[in-house]
Amino acid sequence: MKLNSFEALRAFAAQLERHVASETFHTKVVLTPSAVDEPGMVIKVSLLKSYIQTVPRMIHSSRMLRVRLSVAGAAESMTGLEQALAAIEALDRYLVSDGLRLEMETEEGTVTGVPDSRIIQTISQEDSFFDNPDSTEVQDVEDSRTITITIPEGE
């Protein structure tokens, strides 16, 4: 199954929609750039870089997509904070799954794993959830992590 970068990005966003859900929160997954102006938390999927990885040379080349994955929105109350943390916890549980690979939905509606693909997350310990943790004002929250998606390189 050969995918280009855009197809892989769309497949990843759809995969998150299917797997990151909770009764505690309703979160929409959007690909950026996208105009999103709605209440609640949003999971943003933003492409940072797409490149061919050819090392080591003894294997087939792979395409690497580096993606920023952010839970973002406004914490207007304790309920907003609770929803943001529930979304982050759901993402964490899913992204640490063993053998996580990219999934594609077929025209028939079945979901299959993309052979020779994988998804790895990197979390910075330095970023902050709130811009100003000591403020009592409504706060915009953002929890970001970098996701590396590896897919086989097309012909």
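So, a few notes on the structure that sits alongside this text. (Residues numbered from 1 in each chain as written. Predicted model: local features only at pLDDT ≥ 70, side-chain atom pairs only at ≥ 80, totals over all residues. Heavy atoms only, no water.)

**As for helix α2 (residues 78-95)**
Under the 1.5 Å per step criterion, the end-to-end length of α2 is 26 Å for 18 residues, consistent within 8% with the ideal 26 Å. Along α2, the positions that sit buried rather than exposed are Gly 80, Ala 84, Ala 86, Ala 87, Ile 88, Ala 90, Leu 91, Tyr 94 and Leu 95. (Helix = DSSP H or I, 4+ residues; strand = E, 2+ residues; numbered from the N terminus. Expected span 1.5 Å × (residues − 1). Buried < 20%, exposed > 50% of the residue type's maximum accessible area, 1.4 Å probe, protein only.)

**Here's the deal with the nonpolar core**
One finds Phe 12, Leu 16, Val 45, Leu 69, Leu 102 and Ile 149 to be the most contacted residues of the largest nonpolar core, which totals 33 residues. Broken down by secondary-structure element, the contributors of at least two residues to this core are α1 (5-19), β2 (42-53), β3 (62-75), α2 and β7 (139-152). Broken down by element, this core gets its largest block of residues, 7 residues, from α2. (Core = buried A, V, L, I, M, F, W, Y, C linked by side-chain atoms within 4.5 Å.)

**Quick notes on the pairing of β2**
One face of the sheet, then the other: side chains in a regular strand alternate in exactly this way. Bridge count for strand β1 (residues 28-31) against β2 is 4 bridges, and the pairing is parallel. What sits directly across from Val 30, in β2, is Lys 44. Alignment of β2 against β3, held across 11 bridges, turns out to be antiparallel. Among the inter-strand pairings, Lys 49 is bridged to a residue of β3, identified as Arg 66. (Pairing = 2+ DSSP bridges.)

**Some details on unusual backbone geometry**
Following Thr 32, the chain continues to Pro 33 via a peptide bond in cis, the omega torsion being 5°. Backbone geometry places Asp 116, a non-glycine residue, at a positive phi of 60°. For Asp 116, a relative accessible area of 63% corresponds to the exposed category.

**Points about the pattern of salt bridges**
All chains considered together, the criterion is met by 5 salt bridges. Across the pair Arg 18 and Glu 103 runs a salt bridge whose closest N-O atoms are separated by 3.2 Å. Taken together, the residues span a long stretch of sequence, with Arg 18 in helix α1 and Glu 103 in strand β4 (residues 103-105) at a distance of 85 residues. Under the relative-accessibility criterion, Arg 18 is labelled partly exposed at 31%. Judged by its relative accessible area of 16%, Glu 103 is buried. When the shortest N-O distance is used, the salt bridge between Arg 145 and Asp 143 registers 2.5 Å. (Salt bridge = Lys/Arg side-chain N within 4 Å of Asp/Glu carboxyl O.)

**Some points on the side chain of Thr 150**
Structurally, the position occupied by Thr 150 is in strand β7. In this structure Thr 150 comes out as buried when scored by relative accessible area, which is 3%. In this view, Thr 150 contacts Ser 62, Arg 63, Met 64, Asp 116, Ser 117 and Arg 118; residues no more than four positions away in its chain are not counted. (Contact = heavy atoms within 4.5 Å.)

**Notes on the environment of Arg 68**
Here Arg 68 lies in strand β3. Between the C-alpha atoms of Arg 68 and Lys 44, which are 24 residues apart in sequence, the distance is 7.8 Å. Beyond its immediate chain neighbours, meaning those up to four positions away, Arg 68 contacts Lys 44, Val 45, Ser 46, Leu 48, Ser 144 and Arg 145.

**Thoughts on the environment of Ala 72**
In this structure, Ala 72 sits in strand β3. Each C-alpha atom of the pair Ala 72 and Glu 142 lies 4.4 Å from the other, and the pair is 70 residues apart in sequence.

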